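Report on the structure
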Amino acid sequence: MMEAAATSGAYWLRLIIGLVIVLIFSQLNALFLVWLERKVAGHIQVRLGPMEVGPHGLLQTIVDGIKLVGKELITPARADRILFVIAPVLVFTPVLVAFLVLPFGPDLIIRDMNVGLLLIFAFSTFSVLAILVGGWASNNKYALLGAIRSVAQAVAYEIPLLLSVMSVVLMVNSFRFSELVMAQQRVWFVFLQPVAALIYFICATAETNRAPFDIPEAESELVAGFHTEYSGMRFGLFFLAEYTNMFIVCAVATSLFFGGWHGPFGFSFKIPGVVWFLAKTYVLLYVLMWFRWTFPRVRFDQLMNFSWKVLIPLSMLNLVITALVLKLI
Amino acid sequence: MSGSFVIDSLAHAVFWVVVGIVFAGAALAVFPRNIVYNVLGLILCLTGVAALFLYLGSFFLALMQLLIYVGAICIAIVFAIMLSRPLHLEVPKRRMPKLAAGIGAASIFFAAIGAVAWKTAWKPAAERGADWTITTIGHLLLTRYALVFEVISLVLLVAIIGAILTTGFSRRLSS
Amino acid sequence: MNSLSVYLTVAAVLFSLGLFGVLMRRNLIGMLISIELMLNGANLNFMAFNRFLAPEPAVGQIMALFIMGIAAAEAAIGLSIILALFRRLRSINVERAQRLRG
């Protein structure tokens with residue numbers, strides 16, 4: 001694989017520019033999502049949300065970020081210093097890797113790898129690990145409990161996530177993002193595989209620790225879950241990583257189920273593919289935020305029961321039925 | 001081409017960094033007495049091995065290593081650590097005879113394997129295929145190596161049932 | 001990077017370190033970790049032979065996948081046995097589990 005690397009200057013320039021753009025985009029996106037969340041929360045609760053700083057409160061996140069940076073970085077007395085510092089950095093790595101393979105547009109994939117889909121899921125285990133390390137390194141009972149619950153939840157919901165994605169991969173016969181999106185030119189997969197789409201979205205909510213599955217970091221349980229002891233910019237890093245994770249998960253849902261960069265039924269109305277992709281992703285993100293202020297929090301044992309007793313059999317059944325239909329038709 | 005030379009030497013340098021990561025992770029997994037450091041060392045080592053799989057040409061296997069080993073096995077080990085709380089385990093002194101015997105056994109083994117590895121004239125097979133795609137792996141798993149597939153499914157099934165039974169029994173016994 | 005013996009050496013070092021860990025450690029989970037190191041050394045060996053000597057690249061990869069599956073099954077059973085032992089003995093020091101009678 002190493003000997004097949006192209007050595008032309010244009011190739012490397014494109015790679016580096018793509019990486020820089022993606023890094024900037026992920027940070028801007030996280031800032032925007034924090035503002036969006038507060039606005040959505042405000043309007044659902046019949047109030048306005050941030051309005052003071054900038055037009056309609058758009059600069060609120062930046063001001064909050066500056067405030068966070070200025071806060072004192074407290075390390076608990078008997079915390080494991082190295083691990084405590086590593087955890088927020090580790091939680092960011094899968095996020096940045098995943099951006100390499102997302103299909104923003106027909107020509108806008110940085111590296112269209114043969115196993116691109118698998119890359120995102122393989123690297124998401126690092127964020128799970130980072131939560132565990134952060135919770136343990138805090139030397140705090142509540143942080144540790146929150147971390148253990150978060151890991152149990154992530155592991156339990158990862159299985160139906162992968163199984164539902166496998167149903168789509170079976171239909172397309174490829175892990176490559178460009179092929180997965182190209183196969184949806186006429187009909188989006190959400191119409192062909194509604195069960196898989198639903199299961200994927202539920203599991204994505206659980207994987208990113210969003211309500212109604214946000215026991216590990218809820219404000220009214222366990223103090224603040226696994227990031228109880230984190231202050232200042234370290235907390236900010238966990239926060240940013242969570243929002244970027246949300247974006248990646250919704251972007252994957254767009255590529256797998258909602259047609260990626262295609263317009264409806266193949267008509268793009270002369271709008272470039274990247275605009276369609278981002279529009280669909282942000283609609284899904286809005287739905288994700290909508291969930292938070294609509295559903296009450298699920299109790300932990302209900303959460304685990306739901307995954308192991310309902311979602312896994314359902315997604316396995318879906319996979320078997322997909323395979324049978326593909327073979328017999 | 002000078003561009004190719006830069007890329008090759010960069011790849012070479014990164015290869016030795018990855019080997020260093022593997023060794024550092026393995027050392028962290030074996031030597032310290034703190035079990036949490038051991039697990040984190042194992043995770044570092046396994047990630048390094050995944051990168052080595054990438055150098056050996058199989059991207060798919062590198063991702064599988066991350067998914068299965070780091071994502072499942074190591075997290076299960078961390079769970080077992082959290083549930084059994086050995087963090088306050090008593091730390092008895094290392095006795096010299098045991099340490100010497102351990103080092104002796106490991107180094108004898110390493111010398112033997114090393115001698116076999118370096119002295120043998122390894123001959124590449126006459127006809128070497130070039131098909132590294134996962135389509136081929138899947139196809140072979142279902143046709144020529146179907147027994148491997150079935151056996152591993154059976155082993156995993158037995159392991160799941162055994163694990164459930166073992167923890168179920170002990171809970172009934174201790175309650 | 002392009003020679004077989006480098007990979008074989010790395011695999012041998014991994015295996016020897018794992019062997020040393022199994023012999024020295026008294027913590028049951030520590031022994032399991034060392035066993036995983038040994039399995040990884042073997043896996044690396046298979047993949048190295050697959051790259052440099054094998055007639056068909058898929059064979060070594062299938063073998064490596066098989067070993068990963070076996071390691072997962074063994075870790076699952078091993079951890080459940082360790083937890084069951086912990087519930088009985090309240091300790092995971094292997095020297096506490098010396099009586100053969102249940």
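What you are looking at is a predicted structure, and each value in this text was computed from that prediction instead of being measured.

Criteria and cut-off values
Residues numbered from 1 in each chain as written. Chains lettered and ligands numbered in written order. Predicted model: local features only at pLDDT ≥ 70, side-chain atom pairs only at ≥ 80, totals over all residues. Heavy atoms only, no water. Helix = DSSP H or I, 4+ residues; strand = E, 2+ residues; numbered from the N terminus. Rg over C-alpha atoms; globule rule 2.2 N^0.38 Å. Buried < 20%, exposed > 50% of the residue type's maximum accessible area, 1.4 Å probe, protein only. Areas by Shrake-Rupley, 256 points an atom, 1.4 Å probe, with all protein chains shown as cover. Lys, Arg positive; Asp, Glu negative; His and termini not counted. Charge placed at Lys NZ, Arg CZ, Asp CG, Glu CD. Contact = heavy atoms within 4.5 Å. Buried area = accessible area lost by both parts, 1.4 Å probe. Polar contact = N/O pair within 3.5 Å; in protein donor to acceptor, adjacent residues only side chain to side chain. Nonpolar A, V, L, I, M, F, W, Y, C, P; charged D, E, K, R; others polar. Axes fitted to C-alpha atoms, helices over the stretch in contact; angles between N-to-C directions. Parallel < 35°, antiparallel > 145°, perpendicular 65-115°, else oblique. Salt bridge = Lys/Arg side-chain N within 4 Å of Asp/Glu carboxyl O. Phe/Tyr/Trp six-rings, centres within 6.5 Å; stacked < 30°, edge-to-face > 60°. Lys NZ or Arg CZ within 6 Å of the ring centre and 35° of its normal. pLDDT = per-residue confidence, 0-100. Arc of directions from axis to C-beta.

1. Points about the overall build of chain C
Across its full length, chain C carries three helices and zero strands. The N-to-C order of helical and strand elements in chain C reads α-α-α. At 17 Å, chain C has a C-alpha radius of gyration far larger than the 13 Å of a compact globule built from 102 residues. Taken over the C-alpha atoms alone, chain C extends approximately 50 × 25 × 20 Å along its principal axes. For chain C, the residues scored as buried account for 63% of the 102 residues in total. Of the roughly 3800 Å² of accessible surface on chain C, 65% is carried by carbon and sulfur atoms. In chain C, which carries 9 positive and 4 negative side-chain charges, the distance between the mean positions of the two groups comes to 18 Å.

2. Here we look at the overall build of chain B
Helix and strand counts for chain B stand at six helices and zero strands. With 175 residues in all, chain B has 37% of them scored as buried. When contacts within chain B are restricted to residue pairs at least 6 apart in sequence, those whose partners lie at least 24 apart make up 54%. Just so you have it, chain B exposes about 9700 Å², and 74% of that area is on carbon and sulfur atoms.

3. Side note on the interface of chain A and chain B
Contacts between the two partners involve 27 residues from chain A, matched on the other side by 26 residues from chain B. Approximately 2400 Å² of surface area, both sides summed, lies buried where chain A meets chain B, with 88% of it carried by carbon and sulfur atoms. Where chain A packs against chain B, one counts zero residue pairs in polar contact (both at pLDDT 80 or more). Contributing elements (two or more residues each) for the side of chain A that touches chain B: helix 5 (116–137) and helix 6 (141–172) of chain A. For the side of chain A that touches chain B, the leading source of residues is helix 5 of chain A, giving 12 residues. The residue makeup of the side of chain A that touches chain B, split by class, is 23 nonpolar, two polar and two charged.

4. Some points on the packing of helix 5 (residues 134–142) of chain B against helix 3 (residues 57–89) of chain C
Contact geometry for helix 5 of chain B and helix 3 of chain C: axes closest at 10 Å, N-to-C directions at 70°. Relative to helix 3 of chain C, helix 5 of chain B is oriented roughly perpendicular. Only C:A58, C:Q61, C:I62 and C:L65 of helix 3 of chain C make contact with helix 5 of chain B, whose side of the interface consists of B:T136, B:I137, B:L140 and B:L141. Along the lines of polarity and charge, the residues of the contact of helix 5 of chain B with helix 3 of chain C split into six nonpolar, two polar and no charged.

5. What to know about the interface of chain C and chain B
Contact residues are listed per partner, giving 70 residues for chain C and 87 residues for chain B. Of the roughly 7100 Å² buried between chain C and chain B, counting both surfaces, carbon and sulfur atoms make up 76%. The tally of links between chain C and chain B comes to one salt bridge. In this structure, the salt-bridge partner of B:R144 is C:E56, at a minimum N-O distance of 3.4 Å. At the junction of chain C with chain B, the criterion picks out eight residue pairs in polar contact (both at pLDDT 80 or more).

6. With respect to the packing of aromatic side chains
Going through the model one piece at a time under the given rule, you end up with 25 aromatic pairs over all chains. Ring centres of A:W188 and A:F258 lie 6.4 Å apart, and the angle between their planes is 75°; this geometry places the pair in the edge-to-face category. Within this pair, whereas A:W188 is found in the loop between helix 7 (177–182) and helix 8 (189–192), its partner A:F258 is found in the loop between helix 10 (232–257) and helix 11 (273–292), the two being separated by 70 residues in sequence. Overall, A:F258 belongs to the partly exposed group, its relative accessible area being 25%. These aromatic residues form a ring-pair network of at least three members: A:F25, A:F32, A:W35, A:F99, A:F104, A:F247, A:F277 and A:Y282. Over the ring of A:F300 we find A:R149, and its NZ or CZ is 5.3 Å from the ring centre. Directly above the aromatic system of C:F52 lies the positively charged group of C:R51, at a separation of 5.1 Å from the ring centroid.

7. A word on the confidence of the model for chain B
Mean pLDDT for chain B: 86, with 89% of residues reaching 70 or above. Within chain B, the lowest mean pLDDT, 85, falls on helix 6 (residues 146–174) of chain B, and the highest, 93, falls on helix 2 (residues 35–55) of chain B.

8. Some remarks on the pattern of salt bridges
All names here are of chain A. Tallied over the full model, the rule gives seven salt bridges over all chains. Across the pair R299 and D301 runs a salt bridge whose closest N-O atoms are separated by 2.8 Å. Given the relative accessible area of 38%, D301 is considered partly exposed. Taken together, the salt bridges that share partners define one network made up of E37, R210, E242 and R292.

9. Remarks on helix 3 (residues 81–90) of chain A
Each turn of an α-helix holds 3.6 residues, which means side chains three or four residues apart point in the same direction. When helix 3 of chain A is considered as a whole, its buried residues turn out to be A:L83, A:F84, A:A87 and A:P88. Seen along its axis, helix 3 of chain A keeps its buried residues to an arc of 130°; they face one direction. Facing away from the buried surface of helix 3 of chain A by more than 90 degrees, the exposed residues are A:R81, A:I82 and A:V89. In this fold, the buried residues of helix 3 of chain A make contact with helix 5 and helix 10 of chain A together with helix 2 of chain B.

10. Side note on unusual backbone geometry
Residue and element names in this part refer to chain A. Of note, N173 is a non-glycine position whose phi angle comes to about 65°, a positive value. Turning to its location among the elements, N173 is positioned in the loop between helix 6 and helix 7. Positive phi is not limited to glycine here, since N209 has a value of about 60°. Along the chain, N209 turns up in the loop between helix 9 (194–207) and helix 10.

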